[in-house]
Amino acid sequence: MKTKVFSGIDRLDVLDTLLKGQRVGLVTAGSAIDRNCRPAVDVLCERYRVTTLFNTIFGIRGEFIFGERVPFYVDAPTGLPVYSIFNKTRTAPSPEMMENVDVMVFDIKEAGVRYYEYLYILADLMKACAAVKKPLVVLDRVDPIGGAQVEGTVCPPDMHAMVGDYRLAIRTGMTVGEFARYVQGEFHVDVELHVVPLLGWKRRLYMDETDVPWVLPSPSLPHTDANLLYAGMCIFEGVATVNEGRGTTMPFALIGAPWMNGPAVAELAQKKGLPGVRYAATCYEPSDSKHRGLVCRGVQIHILDRDELQPVRTALNLLDALQTVHPDQIIWRDCSAGHDLPDGGGVTFDRYTDKLLGDKRYTSGELDGDGLLAAHAEALEDYRRRKQKYELYE
């Protein structure tokens, strides 16, 4: 029996007190729907005076592959202007874009993972609203991989990138509303913030344990298990020679390449005996991404117990094994990988995997996976304590 959960968009009684009679600007995406699978943009436009829409990556209705390449368009169903706030020139609305707005609303499903760019779009939106003294309403949504666990490396204080900032752990353990509270409190963003909380959700719950419908937050996150594995396996995006399951129906559950000795890599990774996971040799042919149209030999990750699974450790262990079996086949991608937005200053990285990990010591060979996580253990516990002050749910 799935747990009944009401997202922020379903809390119309609360929204009425915040939005009635106001000119509303809305930042949203195709993954934002209500309990009846209606897009948030349609729910809000029907009930309130929405004047301006803001797109991030995939379009406000999920109509683009990379919507940051479309700086402005008109939403056909509503006739409203849509401005991109995720492109080479900006990551937040300009004051001019908000001239016809009294209150801003943010409603986007995110992934519970620090290198998912929506978090930083929200943080930049908070700063933009603070600068022009406009209130911000965040409609909370379930953390799809649960809010009870945190894991991985922690961003250094001077890291300010679109895949890592605000001293976050890789697996954040926060809802999007809690993240907004965390940024406001820990980093002193002077914005009038209103979080419309979830009803019925508990921190231990994964999204597929609730009755909230799953809509893809991005094309390679088709379900909860893919989202959970993404928390670790995304680091393979920084390996130019290895496909990480993109272009298949099992993104982030696979790695492969035409040259890979899958049985040897799987056997070595399995020897670690990590909880909740089994590594097995496999073959597949990606229809897109790296090694498109070629038969890849590699490894499939089988989740045995998601509550025991440590996705970051699981991925690092697999990358350790791969480097042991094929030391001459690993080519690290530079930081032009991923979305091509400039970093916000501070520490810089030459390799994309370093950027995802927030640490240069792994790809340099100074630390293996276990050593890297041990080096971040104290910072991870500090993060866990800091974020607890902003949690809204038990």
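Everything below is about the structure shown above.
Treat the numbers as computed from the prediction; the structure is a model and nothing was measured.

A. View of the sheet that holds strand 1 (residues 23–28). Read across the sheet, seven strands follow the order 3-4-2-1-5-6-9 without closing on themselves; strand pairing throughout is mixed. Only two strands of the sheet have a single neighbouring strand rather than two, namely strand 3 (72–75) and strand 9 (193–196). Strand after strand, the sheet turns through a mean of 25° between neighbouring axes, direction not considered. The pairing of strand 3 with strand 4 (residues 80–84) spans four bridges and is classified as antiparallel. When the bridges of strand 4 are listed, Val74 appears paired with Pro81. Strands strand 5 (103–107), strand 6 (136–139) and strand 9 of the sheet are contacted by helix 4 (residues 176–187), whose axis makes an angle of about 160° with strand 9.

B. Geometry of helix 5 (residues 224–233). For helix 5, the tally of buried residues reaches nine of ten residues, placing the bulk of the element in the interior. Regarding helix 5, the residues found buried are Thr224, Ala226, Asn227, Leu228, Leu229, Tyr230, Ala231, Gly232 and Met233. The elements touched by buried residues of helix 5 are strand 8 (169–171), strand 10 (254–257), strand 12 (296–303) and helix 7 (311–325).

C. Region of interest: helix 2 (residues 40–47). The complete set of buried residues in helix 2 reads Ala40, Val41, Val43 and Leu44. Burial along helix 2 is one-sided: seen end-on, the buried residues are contained in an arc of 165°. Those residues of helix 2 hidden inside the fold are in contact with helix 1 (12–19), strand 1, strand 2 (49–55), strand 5 and strand 6.

D. The side chain of Asp124, seen in detail. If you trace the backbone, Asp124 turns up in helix 3 (residues 118–132). One buried charged side chain, Asp124, makes no salt bridge at all; its nearest oppositely charged neighbour is Lys127, positioned 4.2 Å away. Polar side-chain contacts of Asp124 include one of 2.6 Å to the side chain of Thr91. The residues touching Asp124, leaving out its near neighbours within four places in the chain, are Thr91, Ala92 and Tyr166.

E. Fine view of the packing of aromatic side chains. Counted under the stated rule, the structure contains 14 aromatic pairs. Ring geometry for Phe72 and Tyr83: centres 5.1 Å apart, planes at 55°, overall tilted. With Phe72 in strand 3 and Tyr83 in strand 4, the pair connects residues that are eleven residues apart, well separated along the chain. Relative accessible area serves as the criterion here: at 43%, Phe72 is assigned to the partly exposed category.

Scoring rules and cut-offs
- Residues numbered from 1 in each chain as written.
- Predicted model: local features only at pLDDT ≥ 70, side-chain atom pairs only at ≥ 80, totals over all residues.
- Heavy atoms only, no water.
- Pairing = 2+ DSSP bridges.
- Helix = DSSP H or I, 4+ residues; strand = E, 2+ residues; numbered from the N terminus.
- Axes fitted to C-alpha atoms, helices over the stretch in contact; angles between N-to-C directions.
- Contact = heavy atoms within 4.5 Å.
- Buried < 20%, exposed > 50% of the residue type's maximum accessible area, 1.4 Å probe, protein only.
- Arc of directions from axis to C-beta.
- Lys, Arg positive; Asp, Glu negative; His and termini not counted.
- Salt bridge = Lys/Arg side-chain N within 4 Å of Asp/Glu carboxyl O.
- Polar contact = N/O pair within 3.5 Å; in protein donor to acceptor, adjacent residues only side chain to side chain.
- Phe/Tyr/Trp six-rings, centres within 6.5 Å; stacked < 30°, edge-to-face > 60°.

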